Amino acid sequence: MLSNKKKLQDMTHAERYHALTYGSRYTDEPIPKYELPEKGMPSKIAYRVIRDELNLDGNPSLNLASFVTTWMDDYANRLLSESLGKNYIDQDEYPQTTKIQNYCVNMIARLFHAPEIEDSVGTGTIGSSEAIHLAGLAMKWNWRDKLIKKGKNPGKPNIIMGQNVQVVWEKFARYFEVEPRYVKLTKDRYVIGVEEAMALIDENTIGVIGILGSTYTGEYEPIEELNNALEKLNKDKGWDVPLHVDAASGGFVAPFTDPLLRWDFRLSCVQSINVSGHKYGLVYPGIGWVVWRSKKELPEDLIFHVNYLGGDQPTFNLNFSKSASSVLGQYYNFLYLGNDGYRDIMVSLQHIAEYLTEEIEKIGQFKILSKLGHLPVVAFALKSKAIKKGYSVYDLSEKLRERGWIVPAYTMAPDAQDISVLRVVVKECMSMDMAQLLIEDLTRAVNWFESRQDRKSHVKKHRKGTHGVC
Ligand SMILES: Cc1ncc(COP(=O)(O)O)c(C=O)c1O
């Protein structure tokens, strides 16, 4: 997130300083918001000032917009707060923490069916975004090395993906100078098309992306079909184009709810996979993972070795320092929940998503765009008969906010952007009781708009270059 430096001279006193609700008992000095205060204040006042400001944030338990974890249990909270001061990168100082990251990478590689004969590698990251940049860089380096070995001149690299990719893939393409080649969506296909993807590939393709759980609708892309078509194309053309799976959300859902679904290293072209530990891995924000099928897919040239913290430390990360707590939180979840625990949670989230889907359909004004059995997400658009009555999903989103629910409304990706949807991400903190209350409030909101048909609808258009959803 970018922040701008504000012009202090244009500000009113209230804009520039915190109100002295508590501070007045301790100090007459105004507390500046945008400048470092000359003098400090008692810690409890600083705490209160910040807590009060945060009261205006949404309630994380009612935040149905985000895939990211908003709740962990007491032991996890204890473990995390005890380890906040450990730097994850100090491998020599905190060797056990490094071992724990290794345990996690091993568990994840096996969860994703990395063959036992392969020497798979992986690393913890800040989230899927960093993981994706790393996987993309490895694909770019491998593509170039392979062409050079064949005695060919590498052209401009390109990468193939559906237009429904999360913004991180556009960032990767732009920051690392790779041409993004998008498979267009259609009015009734909101994920990549296999034939369309194959038609875009050439010798300069560094990889094809399959998403296990589209950010827009939660739908799994047809990864096995992509793999089979790619395998054939590679064989026919003598190419070696890999498949990367962006399993940011689905990587901790599908293995538990649909273990027979083949989307991971069981497929021959899948070379690397990213997953967000802070989504359905059930850890607070700040942890992602990337795993490569085999060490040979990770060019040695991308790995840096540092020795100034003591010992030789290989790193392949964009970031350097961060708290070790999220890695420990991930390992805690793995030990505490195990396979059974994750399965129970993910299955129950899917039941809640099914319940919501059925009840939203019963309201009669909505068309469901998400798919049952995929991510526990419900994405739904207003039917045209409702839109004609002069209200929109943006109106409904705002109306639900009055009751505290945060349900985002956004346009679908380019080429399907005429469709605006509401999306509910079902997370561990959503009980069936909450789901029932949400349905009551949604029904009430619809009835409210239906009874005011003379209203002008509040319609937002998708601006080029914007992502309505994250
Ligand atoms: C499919 C997909 N990929 C990547 C990301 C980025 O993940 P992170 O927030 O962990 O960086 C997201 C986030 O929602 C996503 O849905």
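Position labels on residues start from 1 in each chain and follow its written sequence. It should be noted that, the model being predicted, local features are given only for residues of pLDDT at least 70 and side-chain atom pairs only at 80 or more, the latter also being counted only at that level, while totals for whole chains, interfaces and linings use all residues.

**Topic: the overall build of the protein chain**
- Summing up its helical and strand segments, the protein chain has 13 helices and 15 strands in all.
- Along the longest, intermediate and shortest principal axes, the C-alpha atoms of the protein chain span 70 × 60 × 50 Å.
- Residues classed as buried in the protein chain amount to 42% of the 470 residues present.
- Our contact criterion uses C-beta atoms placed from the backbone: two residues qualify when those atoms are within 7 Å. For the protein chain, contacts bridging at least 24 residues in sequence account for 70% of all contacts bridging at least 6. Strands here are runs of E lasting at least two residues and helices are runs of H or I lasting at least four, both read from the DSSP assignment and numbered beginning at the N terminus. Comment: burial labels come from other C-beta atoms within 10 Å of the residue's own C-beta, placed from the backbone, where a count of 20 or more is buried, 12 or fewer is exposed, and between is partly exposed.

**A few points about the sheet that holds strand β14 (residues 409–411)**
- Should DSSP find at least two bridges between two strands, the strands are taken to pair. Ordered by their spatial adjacency, 4 strands build an open sheet running β12-β13-β15-β14, and the pairing between neighbours is antiparallel. In this open sheet, the two edge strands, each paired with only one partner strand, are β12 (366–368) and β14. Taking each pair of neighbouring strands and ignoring which way they run, the sheet shows an average axis angle of 40 degrees.
- Of the strand pairs in this sheet, β14 and strand β15 (residues 420–425) are connected by 3 bridges, and their pairing is antiparallel. Note on β15: the bridge partner recorded for A409 is L422.
- Here an angle of 0 to 180 degrees is reported between the N-to-C directions of two axes, which are lines fitted to C-alpha atoms, with helices fitted over the stretch in contact. Those strands touched by helix α12 (residues 393–401) are β13 (377–382), β14 and β15, and its axis lies near 35 degrees from that of β15.

**Quick look at the sheet that holds strand β7 (residues 243–246)**
- The strand order across the open sheet built from 7 strands is β3-β9-β8-β7-β6-β4-β5, with neighbouring strands paired in mixed fashion. Only two strands of the sheet have a single partner each, and these edge strands are β3 (121–125) and β5 (179–183). With direction set aside, neighbouring strand axes in the sheet form an average angle of 20 degrees.
- In terms of strand pairing, strand β6 (residues 205–211) meets β7 through 4 bridges, oriented parallel. Bridge assignment links G210 to a residue of β7, and that residue is V245.

**A word on the domain arrangement of the protein chain**
- All the domain ranges listed were derived from an automatic or database domain assignment. For the protein chain, the domain assignment lists domain 1 (8–57), domain 2 (77–333) and domain 3 (345–450).
- Each of domain 1 and domain 3 was reduced to a C-alpha centroid, and the two centroids are 39 Å apart.

**Looking at the site of the ligand**
- Whether a residue is near a molecule or strand depends on its C-beta atom, placed from the backbone, lying within 6 Å of it. G127, S128, S129, T215 and A248 are the nearest of the 14 residues found near the ligand.
- Classes in brief: Ala, Val, Leu, Ile, Met, Phe, Trp, Tyr, Cys and Pro nonpolar; Asp, Glu, Lys and Arg charged; the others, Gly included, polar. Of the residues that constitute the shell around the ligand, the class distribution is 5 nonpolar, 8 polar and 1 charged.

**Some details on the packing of helix α10 (residues 325–363) against helix α13 (residues 432–450)**
- Close contact between α10 and α13 brings their axes to 10 Å; oriented N to C, the two are set at 20 degrees. The angle between α10 and α13 places the two elements in the roughly parallel class. Remark: the crossing between α10 and α13 carries right-handed chirality. Residue-level contacts link I352, Y355, L356, E359 and I363 of α10 to M432, A435, I439, L442, T443 and V446 of α13.
- Classifying every residue of the contact of α10 with α13 by side-chain character gives 9 nonpolar, 1 polar and 1 charged. Each angle gets one of four labels, with under 35 degrees taken as roughly parallel, over 145 as roughly antiparallel, 65 to 115 as roughly perpendicular, and the rest as oblique. By the definition used in this description, the sense in which the near helix is turned from the far one sets the handedness, with an anticlockwise turn below a right angle giving left-handed and a clockwise turn giving right-handed.

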